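Results of the structural survey
Okay, here's what each chain looks like letter by letter:
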Amino acid sequence: MDREADVTVSESDRLHSQLSRFEDMFPGYRMEIVEGAIVMSPVRPYHNETIWGVRDDLKPQLSEDWAFISDVAVPMDDDNEFCPDLAVIPKVEWRKNLTAYPPDLIELAVEVVSPSSVRNDYEVKNRAYARAGIPHYVIFDPYRAECVKLWNPGPDGYRGRDTFPYGGTVTILTEIGKLLIGTAELPVDPGATAS
């Protein structure tokens, strides 16, 4: 029996092990594995307020068959394990109360931009969520005061894209129904700039 093969740890396993240690060491930071690196983002009040506002809008629109996960691991591949700010999954899966869920369960993924997550939210997750076949991805950006709605996933990212300035209602046509999210009350960073 080859003893070395028994103790070999994959790079992915090593990253997951480090991630679980760091999560306890750095409260107030959100941690993900992005492109093979552990990424820490400080959480700000506007970030959470946006997540709660979106969830409050969506919850009464969903049937009893659907539920939310927030900041729960979604392993995408060996180099990426994301923790969507908010995701809609089947309630039967939600009831399992797991620490990680596969991306193919997600009907809608929502991310809220923070200063350190701009590239990850707009580029890396756009490609990864689309490759995984997540039908709808919505980005809320309190620094630009806008929402980006992405749909029609393809191998290089989403083929459909609409950008809405905060102030109105965003409509998302999904397989689980028409979902409306109001943006007029979402917080906008004091230094926000239009894109």
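Below is a summary of the structure that appears in this document.

Okay, the packing of aromatic side chains next. Under the criterion given, the structure shown has three aromatic pairs. Ring centres 5.6 Å apart and planes at 90° place the aromatic pair F82 and Y129 in the edge-to-face group. Pair noted here: F82 is in strand 5 (residues 80-82) and Y129 is in helix 5 (residues 118-131), with a separation of 47 residues, a long-range link. For F82, a relative accessible area of 0% translates into the label buried. The exposure class of Y129 is buried, given its relative accessible area of 0%.

Turning to the pattern of salt bridges, a few remarks are in order. Counted by the stated rule, this structure contains seven salt bridges. Between E93 and K96 there is a salt bridge whose closest N-O contact spans 3.0 Å. Measuring nitrogen to oxygen at the nearest pair gives 3.7 Å for the salt bridge that ties E146 to R144. For R144, a relative accessible area of 31% corresponds to the partly exposed category. One network of salt bridges, with partners in common, ties together E111, D121 and K125.

Looking now at the pairing of strand 6 (residues 86-90). Most of strand 6 sits inside the fold, with five of its five residues counted as buried. In terms of strand pairing, strand 3 (residues 66-69) meets strand 6 through four bridges, oriented antiparallel. The residue bridging W66 from the neighbouring strand is P90, located in strand 6. As defined by bridge partners, strand 6 adjoins strand 7 (residues 108-112) across three bridges and the pair is classed as antiparallel. Bridging across to strand 7, A87 finds its partner in A109.

Moving on: the pairing of strand 9 (residues 146-154). Two strands pair when backbone bridges link them, and strand 8 (residues 136-141) and strand 9 are joined in this way by six bridges, in the antiparallel orientation. Considered in strand 9, the bridge of I139 is made with V148. Remark: four residues form the turn of the hairpin made by strand 8 and strand 9, two consecutive strands paired antiparallel; A145 in that turn has positive phi of roughly 55°. Relative to strand 10 (residues 157-165), strand 9 runs antiparallel, the two being bridged by eight bridges.

Here we take up the environment of W151. By the secondary structure assignment, W151 is in strand 9. With 13 residues separating them in the primary sequence, W151 and V138 have C-alpha atoms 8.6 Å apart. Beyond its immediate sequence surroundings of up to four residues, W151 is in contact with P135, H136, Y158, R159, G160, R161 and D162.

By size, the foremost hydrophobic cluster in this structure holds 25 residues, and its most contacted members are I69, F82, I106, Y129, Y137, I139 and Y158. Elements with a minimum of two residues in this core: strand 4 (74-77), strand 6, helix 5, strand 8 and strand 9. The greatest single-element share of this core, amounting to five residues, is contributed by helix 5. Discounting residues that sit within four places of it in the chain, I69 has contacts with V74, D85, L86, A87, I89, W94 and Y101.

Let us now look at the sheet that holds strand 7. Taken in spatial order, the six strands make up an open sheet running 3-6-7-8-9-10, and their pairing is mixed. Two strands in the sheet have a free side with no partner beyond their single neighbour: strand 3 and strand 10. Neighbouring strand axes in the sheet, compared pairwise and without regard to direction, differ in orientation by 20° on average. Along the sheet face, helix 3 (residues 45-58) touches strand 3, strand 6, strand 7 and strand 8 and points at about 150° away from the line of strand 7. Of the strands in this sheet, strand 7, strand 8, strand 9 and strand 10 are in contact with helix 5, which crosses strand 10 at around 135°.

Criteria and cut-off values
Residues numbered from 1 in each chain as written. Predicted model: local features only at pLDDT ≥ 70, side-chain atom pairs only at ≥ 80, totals over all residues. Heavy atoms only, no water. Phe/Tyr/Trp six-rings, centres within 6.5 Å; stacked < 30°, edge-to-face > 60°. Helix = DSSP H or I, 4+ residues; strand = E, 2+ residues; numbered from the N terminus. Buried < 20%, exposed > 50% of the residue type's maximum accessible area, 1.4 Å probe, protein only. Salt bridge = Lys/Arg side-chain N within 4 Å of Asp/Glu carboxyl O. Pairing = 2+ DSSP bridges. Contact = heavy atoms within 4.5 Å. Core = buried A, V, L, I, M, F, W, Y, C linked by side-chain atoms within 4.5 Å. Axes fitted to C-alpha atoms, helices over the stretch in contact; angles between N-to-C directions.

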